[in-house]
Amino acid sequence: MKKEMNYEIKNEFIKAKIRSFGAELNSLQKCGKDLEYIWQGDAKYWARHSPILFPIVGRLKEDSYFYKNQKYNMSQHGFARDKEFEIIEQKDDFLEFRLCSDEKSLEIYPFDFELYLSYKLEKSSLIISYKVKNKSDEKMLFSIGAHPAFNWSLEKDLKKEDYFLEFEVNNSKRYFLNELGLVYDSMDLEFEEKKLFLNEELFKNDALVFNDLNIKNLIFKNIKNENFIKLNFENFPYLGIWSKPSGAPFLCIEPWFGIADEDSSNQNLEEKKGIITLQKDEVFSCFYSIEV
């Protein structure tokens, strides 16, 4: 078995660490500063940092789906986050990883694929790109999404309530997840001058989920100093914002191409909400960025 590696990329502004297992971002810092932006993982709350969600986003109804009259079982967010990726290109400020389908993946997901995940530094931004190639002889169905977790609060002398999210819009529709992680309801959500002030109570009913292409970026800020994290994710149709309402010191801001099943889902993968279809040899690509 290959040994897991943790790689670092760096430019004159920022540096990042990405491990080969799950091709997962696990550190983002400004050069010469101690401030860590990425949640460092703690099994007491949540042990991950920034997993990739593939080939599903969220939870399937009964953790299963049907394709061509056959039933398959798959746990929440799919399997890519728990796979060792192969590194295929490495520069001072750039890394690219690849994951290919194998016998084990075909047992739960009947499509041949190549999944590429790359990280590139540009000034004070980290650009994270996804690429999916359909290597099957017929169409392929999938979803893909990001799940980066940031320290909340970023600094020890600040409280969680000192933080807010700044949107480009004044309101949007929030979708709710039930106790099984399935979409079941929605409501209109008004922001205060495009700001959503944060507190743990916001997450007592699981993640805030949006399906709004007008939300193209989001800034995580506080009322005490100038530190910020800005995510740009134009063209991503869905967005999740999540934390655990149990004192968990992290906040996830998650751009998605895909969403959890609705509680009324018929579990047919071809009819799943947010599913992407790729024809034979076709390639899907998208990217988002984190600026600090």
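Our structure is the block above this text.
A brief report on the enclosed structure follows.

Criteria and thresholds
- Residues numbered from 1 in each chain as written.
- Predicted model: local features only at pLDDT ≥ 70, side-chain atom pairs only at ≥ 80, totals over all residues.
- Heavy atoms only, no water.
- Pairing = 2+ DSSP bridges.
- Helix = DSSP H or I, 4+ residues; strand = E, 2+ residues; numbered from the N terminus.
- Phe/Tyr/Trp six-rings, centres within 6.5 Å; stacked < 30°, edge-to-face > 60°.
- Buried < 20%, exposed > 50% of the residue type's maximum accessible area, 1.4 Å probe, protein only.
- Axes fitted to C-alpha atoms, helices over the stretch in contact; angles between N-to-C directions.
- Contact = heavy atoms within 4.5 Å.

The pairing of strand β4 (residues 64-67) with strand β5 (residues 70-73) spans 4 bridges and is classified as antiparallel. Residue pairing for β5: S64 is matched across the bridge by N73. Counted along the chain from β4 to the antiparallel partner β5, the turn is 2 residues long, and its residue K68 has a positive phi close to 50°.

Bringing the packing of aromatic side chains into the picture now. For the structure shown, the criterion picks out 29 aromatic pairs. Ring centres 6.2 Å apart and planes at 35° place the aromatic pair F79 and F113 in the tilted group. In this pair, F79 is assigned in the loop between β5 and β6 (86-91) and F113 in strand β8 (residues 113-122), connecting sequence segments 34 residues apart. The exposure class assigned to F113 is buried, which follows from its relative accessible area of 1%.

In this section: the sheet that holds strand β1 (residues 6-10). Strand order in the open sheet made by the 3 strands is β1-β2-β3, with antiparallel pairing throughout. Each edge of the open sheet is held by one strand with a lone partner, namely β1 and β3 (24-30). Averaged over all neighbouring strand pairs, the angle between strand axes comes to 20°, with direction disregarded. Pairing between β1 and strand β2 (residues 14-19): 5 bridges, direction antiparallel. Across the sheet, the residue bridging to E8 is K17, located in β2.

The antiparallel open sheet is built from 9 strands, whose spatial order is β6-β7-β8-β9-β23-β19-β18-β13-β16. A single partner strand is all that each edge strand has here, and the edge strands are β6 and β16 (195-197). Each neighbouring strand pair of the sheet contributes to a mean axis angle of 15°, computed without reference to strand direction. As judged from the 9 bridges shared by strand β9 (residues 125-134) and strand β23 (residues 283-291), these two strands associate in the antiparallel manner. Bridge assignment links I127 to a residue of β23, and that residue is S289.

The subject of this paragraph is the environment of A16. By the element assignment, A16 lies in strand β2. When the C-alpha atoms of A16 and N217 are compared, they prove to be 21 Å apart, with 201 residues separating the residues in sequence. Residue contacts for A16: discarding those within four places in its chain leaves Y7, E8, I9, L25, S27, L28 and L126.

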